[in-house]
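So you can see what is in the structure, the chains are spelled out below.
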Amino acid sequence: MNKNIVCIGAGYIGGPTMAVIAKMNPDRKVIVVDINHERIAAWNSKNFRLPIYEPGLVEVVKEVRGRNLFFSTDIDAAIAECDIIFVGVNTPTKMFGRGKGRASDLQYWEATARNIRKVAKGAKIVVEKSTLPVRTAAAMEAILNCDQTKRFTVLSNPEFLAEGTAINDLLRPDRVLIGGPDGDEGRAAVGEVVSIYRGARGDWVPEERILTTNVWSAELTKLAANAMLAQRVSSINAIAGLCEATGADVDEVARVIGADRRIGPKFLKAGPGFGGSCFKKDVLNLVYLCESFGLHTAAEYWAQVIRMNDHQQERIVSRLFKAMFNTLANKKIALFGYAFKANTGDTRETPAGSVARMLHEERVRLVITDPQALANAKKDLCDLSGTVQRGDGSVAFIADPYRAAKEADAVLVMTDWDEYRRLDWAKIYRSMRKPALVFDTRNCLDSGMLRDIGFNVLNIGK
Ligand code: NAD
Ligand code: UGA
């Protein structure tokens, strides 16, 4: 078995993960492949205009691309050349047929498995990197080893990185999880993947942080971990509504709750609700799995996490409506931030998207600004208005926040970009229509300073 690694899928997971694996394993050749030619061209671009924005990523790619990291569209050649195959293709929520709106759509995954079987020669280790329903490895095994010769060992190695901090999360992970089957072959395959994460010099992930389990535990852990994180966000957002009704302050409540070491301070920030490509998809998947196994009360419990999240965005629009004299038609509202969180250009399932759509229904003149996500915002909202392209309709996209806020009735802060804290808010106030409102849905600005300037200020959970 050779040490070469191929990763199928050059997205948010495949690109950064393999760049760091290549950095820490200069003795291994790592090839990242994708069916999307445009994406691969961007990974290979001379000026390093990579297809995704992630702090620190360009520096790692500059170090390893062409040394031992390669991006290619020749999937078959890469599979033939490598004995360790990571699969990081997308696994979106199924939008048709059985399990519609909840189950994972596994067609990309299965196509990949069939292709690996067709092309691969000799024994291979296939590593699930995508997030998958529990027991997918069994289906993968059945497809890969259907010709009776057991050449493939399937492992589960789910990824826990968060966007915006991906490089740091990869370099210094809390834990790496590798699930493998029983028996000598399974143990040897797990050992092979453990050695990747230890790094060529044995100084990457400390041994005690590499946790090994059976395959089903690994698959389920990933869904459960995301569901628990999402549940914390929904829990604090549920408390936020109560704070608004009672005069309590959600940031104070969270600070004190988080000081209990059994609970911990992280993931207690109230806001517009969670976004991103995975939380909703993975919680829905968990709901579907529970239902499939007849665990209906557990399914309802997890479904409520999503319901609470949607409600948070509805609440934002209702509060804005009330604060702006129960009519939003023709008012100009500037959305500050469209990415689902700071330090990423990713807009998948962003709360700003659903708020923008609700405001559009109210015939608001929307202006959207974001330091990294404007191109994705334009794509996401292109159906909203025929005038989007001209930029002069009810949805406009403006990179400069000062220009975006000019003559606006309200600024709605949807993403906690650091640069928003450093803006000259007095200048913004002077350029807006009066009364001027700031609704800071991330509680990231100094509201005392804003009030002193003259703004009406709304926050979440205050
Ligand atoms: P993505 O859409 O950014 O990337 C997936 C890539 O796979 C795409 O570029 C697509 O073209 C490619 N692809 C699809 N079918 C293919 C095929 N048959 N052959 C070759 N390439 C193919 O998705 P992502 O955000 O990277 O997520 C991938 C998986 O990783 C998902 O299961 C997700 O849940 C999981 N995950 C994502 C994150 C994250 O931060 N985005 C974190 C942990 C886990
Ligand atoms: C999340 C998990 O944190 C990762 O461990 C996991 O690997 C990944 O999903 C995945 O499977 O895709 P990510 O979605 O990139 O990572 O970002 P998070 O930092 O988890 O934030 C998710 C959403 O929750 C964001 O919209 C964020 O603003 C929101 N959030 C987070 C809050 O509103 N409050 C908080 O306290 C924390």
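Residues numbered from 1 in each chain as written. Chains lettered and ligands numbered in written order. Predicted model: local features only at pLDDT ≥ 70, side-chain atom pairs only at ≥ 80, totals over all residues. Heavy atoms only, no water.

Novice: Would you mind going over the environment of Arg433 with me for this structure?
Specialist: Position of Arg433 among the secondary structure elements: in the loop between α17 (425-431) and β13 (437-440). The sequence separation of Arg433 and Ala405 amounts to 28 residues, and the corresponding C-alpha distance is 9.5 Å. Apart from residues no more than four positions distant in its own chain, Arg433 is found in contact with Glu407, Ala408 and Asp409. A polar atom in the side chain of Arg433 sits 2.9 Å from the side chain of Asp409. (Helix = DSSP H or I, 4+ residues; strand = E, 2+ residues; numbered from the N terminus. Contact = heavy atoms within 4.5 Å. Polar contact = N/O pair within 3.5 Å; in protein donor to acceptor, adjacent residues only side chain to side chain.)

Novice: Looking at this model, I keep getting lost on the site of ligand 2. Mind explaining?
Specialist: Of all residues adjacent to ligand 2, which total 19 residues, the nearest are Phe160, Leu161, Glu163, Cys278 and Arg442. The separation between an oxygen atom of ligand 2 and a polar side-chain atom of Asn226 is 2.8 Å. Between ligand 2 and the protein, one listed contact pairs an oxygen atom with a backbone N or O atom of Phe340 at 2.9 Å. When ligand 2 is considered free in solution it has 700 Å² of accessible area, and contact with the protein chains removes 89% of it. Take the shell around ligand 2: its biggest share by element is four residues, from helix α9 (residues 215-246). For the shell around ligand 2, the residue count by class is 11 nonpolar, two polar and six charged. Residues from two domains meet in the shell around ligand 2; each of domain 1 (5-213) and domain 2 (249-462) gives at least three. (Near = heavy atom within 4 Å. Areas by Shrake-Rupley, 256 points an atom, 1.4 Å probe, with all protein chains shown as cover. Nonpolar A, V, L, I, M, F, W, Y, C, P; charged D, E, K, R; others polar. Domains from an automatic or database assignment.)

Novice: Just checking my understanding: could you explain the site of ligand 1 for this structure?
Specialist: Every one of the 26 residues lining ligand 1 counts as a neighbour, but Ile13, Asp34, Arg39, Thr91 and Lys281 are closest to it. Measuring from an oxygen atom of ligand 1, one finds a backbone N or O atom of Thr131 at 3.0 Å. In isolation ligand 1 exposes 830 Å². Once the protein is present, 90% of that is buried. Its residues placed into classes, the shell around ligand 1 shows nine nonpolar, 10 polar and seven charged. Three or more residues apiece are contributed to the shell around ligand 1 by two domains, here domain 1 (5-213) and domain 2 (249-462).

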